[in-house]
Amino acid sequence: MGEEGTGGTVHLLCLAASSGVPLFCRSSRGGAPARQQLPFSVIGSLNGVHMFGQNLEVQLSSARTENTTVVWKSFHDSITLIVLSSEVGISELRLERLLQMVFGAMVLLVGLEELTNIRNVERLKKDLRASYCLIDSFLGDSELIGDLTQCVDCVIPPEGSLLQEALSGFAEAAGTTFVSLVVSGRVVAATEGWWRLGTPEAVLLPWLVGSLPPQTARDYPVYLPHGSPTVPHRLLTLTLLPSLELCLLCGPSPPLSQLYPQLLERWWQPLLDPLRACLPLGPRALPSGFPLHTDILGLLLLHLELKRCLFTVEPLGDKEPSPEQRRRLLRNFYTLVTSTHFPPGPPEKTEDEVYQAQLPRACYLVLGTEEPGTGVRLVALQLGLRRLLLLLSPQSPTHGLRSLATHTLHALTPLL
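Residues numbered from 1 in each chain as written. Predicted model: local features only at pLDDT ≥ 70, side-chain atom pairs only at ≥ 80, totals over all residues. Heavy atoms only, no water.

**Overview of the packing of aromatic side chains**
A complete count under the given rule lists 4 aromatic pairs for this structure. Just above the ring of tyrosine 132 sits the side chain of arginine 26; from NZ or CZ to the centre is 4.2 Å. Its end group placed over the ring of phenylalanine 75, lysine 73 keeps NZ or CZ at 5.8 Å from the ring centre. (Phe/Tyr/Trp six-rings, centres within 6.5 Å; stacked < 30°, edge-to-face > 60°. Lys NZ or Arg CZ within 6 Å of the ring centre and 35° of its normal.)

Dropping the structure here:
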């Protein structure tokens, strides 16, 4: 049987499409990395049935067995990725987006040329090891959600305008237009140039920084899967406080020694208190004291045009269920509403009033019974370019869900 109530077991396979040679296999169980590997015969069978379909001009994209969901995806006729998950009820949408993120991570750290023109398989295997840490974070029980929503995980700092002003000044002094402030993999503030980065690098770069071991400063070569997949850039990171880092995307200059420590101290030493206020924002996303209804156990706010999101399951302290369960509930609810109710992107601009009237604006789900005090509630609401998903306590009456969601969305709208 499949594994319910946990992340289940996930196996990720990467193969050279032309030869079927495995390049790597990564696994996780219950959200944690696992050493368990699939037998070579299983890997060969999974790739073989996919290739058999391709030879008959049939595209095999997904399959379900009694206890496993399998999704295949080929990239540039060169790389085949296969994912198997034993989690009960997991959607193909979620696994497809996982594979897109994995390939994006491979391009980010190895470059597209190496993946589409494989000259030496053993060397490619060795080069791909650099992406394992990032890829494993997608398979684990991450506190982020950008891998699924394809939006940048953000937080709202208490003194955002002050940080934004310092960031713009620092970027000008450093000679680059691409600078961001990142806490635990989430963007606190960024320059206009950074916000213009395309998908998936806008999601991948902060996620990469959050997945790396702590370091005072880094000079890291990266490719941009959308903007520059074959020519590397430099990702410079400077740690301001534990888990709070300054990220710069640049070319051959400036050298890291020019930024650290002189330029860093000049711009950021006077802002130590506003920077410290950013540290608790990792899991909370919203400033302390932001008015939220006490029934809210978690929320996901998406700006569909800007491709940014706020995600937290710790808005008001400790209550049941656990943060891990809340994240899983909101992730599953997002995939449900995105694949069945709401379009994944911004609403189309059309004068067709009948079409507009047919678009869903809200939906809700009760897990358990609808009796007061039992079963959590999930509600989704879309207004214009924003979509809000809420996880609510069993005490929240079903007849008031839409009103609560509307009030919450109006309160959050100025932030994102």
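Having seen the structure, we can now continue with the description.
**A look at the pattern of salt bridges**
The full count for this structure, using the stated rule, is 14 salt bridges. Linking arginine 186 and glutamate 143 is a salt bridge whose minimum nitrogen-to-oxygen distance equals 3.4 Å. Placement of arginine 186 in strand 9 (residues 186-190) and of glutamate 143 in the loop between helix 5 (132-139) and helix 6 (146-149) is noted, with a sequence separation of 43 residues between them. (Salt bridge = Lys/Arg side-chain N within 4 Å of Asp/Glu carboxyl O. Helix = DSSP H or I, 4+ residues; strand = E, 2+ residues; numbered from the N terminus.)

**With respect to unusual backbone geometry**
Cis peptide bonds are those with omega within 30 degrees of zero, and the linkage from threonine 199 to proline 200 qualifies with 15°. By the secondary structure assignment, proline 200 is in the loop between helix 8 (192-195) and helix 9 (201-211). For the bond from serine 253 to proline 254, the omega torsion is 5°, close enough to zero to count as cis. With respect to the helices and strands, proline 254 occurs in the loop between strand 12 (244-250) and helix 10 (256-268). If you check the backbone angles, serine 243 has positive phi at about 75° while not being a glycine. Look at serine 243 and you get partly exposed, because its relative accessible area is 37%. Residues other than glycine seldom take positive phi values, yet alanine 285 does so here, at roughly 70°. Mapped onto the elements of the fold, alanine 285 is located in the loop between helix 12 (281-284) and strand 13 (296-303). (Buried < 20%, exposed > 50% of the residue type's maximum accessible area, 1.4 Å probe, protein only.)

**Overview of helix 1 (residues 40-55)**
Given 3.6 residues per turn, any residue in an α-helix points the same way as the ones three and four places further on. The end-to-end C-alpha separation of helix 1 is 22 Å, in line with the 22 Å expected for 16 residues at 1.5 Å each. Buried within helix 1 are the following residues: Ile43, Leu46, Asn47, His50 and Gly53. The buried side chains of helix 1 occupy one side of the element, clustering within an arc of 120° when seen end-on. Facing away from the buried surface of helix 1 by more than 90 degrees, the exposed residues are Phe40, Ser41, Phe52 and Asn55. Those residues of helix 1 that are buried are in contact with strand 1 (9-16), strand 2 (22-29), strand 5 (69-75) and strand 6 (79-85). Phi turns positive, to about 60°, at glutamate 57, one or two residues after helix 1. (Expected span 1.5 Å × (residues − 1). Arc of directions from axis to C-beta. Contact = heavy atoms within 4.5 Å.)

**Considerations on the packing of helix 2 (residues 92-110) against helix 5**
Contact geometry for helix 2 and helix 5: axes closest at 9 Å, N-to-C directions at 165°. Regarding the angle of helix 2 to helix 5, the classification is roughly antiparallel. With respect to the hand of their crossing, helix 2 and helix 5 are arranged in right-handed fashion. Between helix 2, through Leu98, Met101, Val102, Ala105, Met106, Leu108 and Leu109, and helix 5, the contact on the second element is made entirely by Leu134, Ile135, Phe138 and Leu139. Its residues placed into classes, the contact of helix 2 with helix 5 shows 11 nonpolar, no polar and no charged. (Axes fitted to C-alpha atoms, helices over the stretch in contact; angles between N-to-C directions. Parallel < 35°, antiparallel > 145°, perpendicular 65-115°, else oblique. Left-handed = near helix turned anticlockwise from the far one by under 90°. Nonpolar A, V, L, I, M, F, W, Y, C, P; charged D, E, K, R; others polar.)

**Side note on the pairing of strand 6**
Counted residue by residue, strand 6 has 7 buried out of 7 residues, so it is predominantly covered. Residues of strand 6 alternate between two faces, with Ile79, Leu81, Val83 and Ser85 on one and Thr80, Ile82 and Leu84 on the opposite face, all of them buried. Across 7 bridges, strand 5 lies against strand 6 in antiparallel orientation. Of the residues in strand 6, the one forming a bridge with phenylalanine 75 is isoleucine 79. Following strand 5, the chain reverses through 3 residues before pairing antiparallel with strand 6; histidine 76 in that reversal takes a positive phi of roughly 55°. (Pairing = 2+ DSSP bridges.)

**Structural notes on the sheet that holds strand 4 (residues 62-64)**
Hydrogen bonds along the backbone pair up the strands of a sheet, which may run parallel or antiparallel. One open sheet accounts for 6 strands, arranged 3-2-1-6-5-4; its pairing is antiparallel. This sheet does not close on itself; its edge strands, each paired only once, are strand 3 (32-34) and strand 4. Averaged over all adjacent pairs, the angle separating strand axes in this sheet is 20°, with direction ignored. With 7 bridges joining them, strand 1 and strand 2 adopt antiparallel strand pairing. Along strand 2, the bridge assignment pairs leucine 15 with proline 22.

**Observations concerning the confidence of the model for the protein**
Here the protein averages 89 in pLDDT, while 93% of its residues score no lower than 70. Below a pLDDT of 50 lies the segment residues 1-5, which in the model reaches 13 contacts outside its immediate sequence neighbourhood of four places, other chains included. (pLDDT = per-residue confidence, 0-100.)

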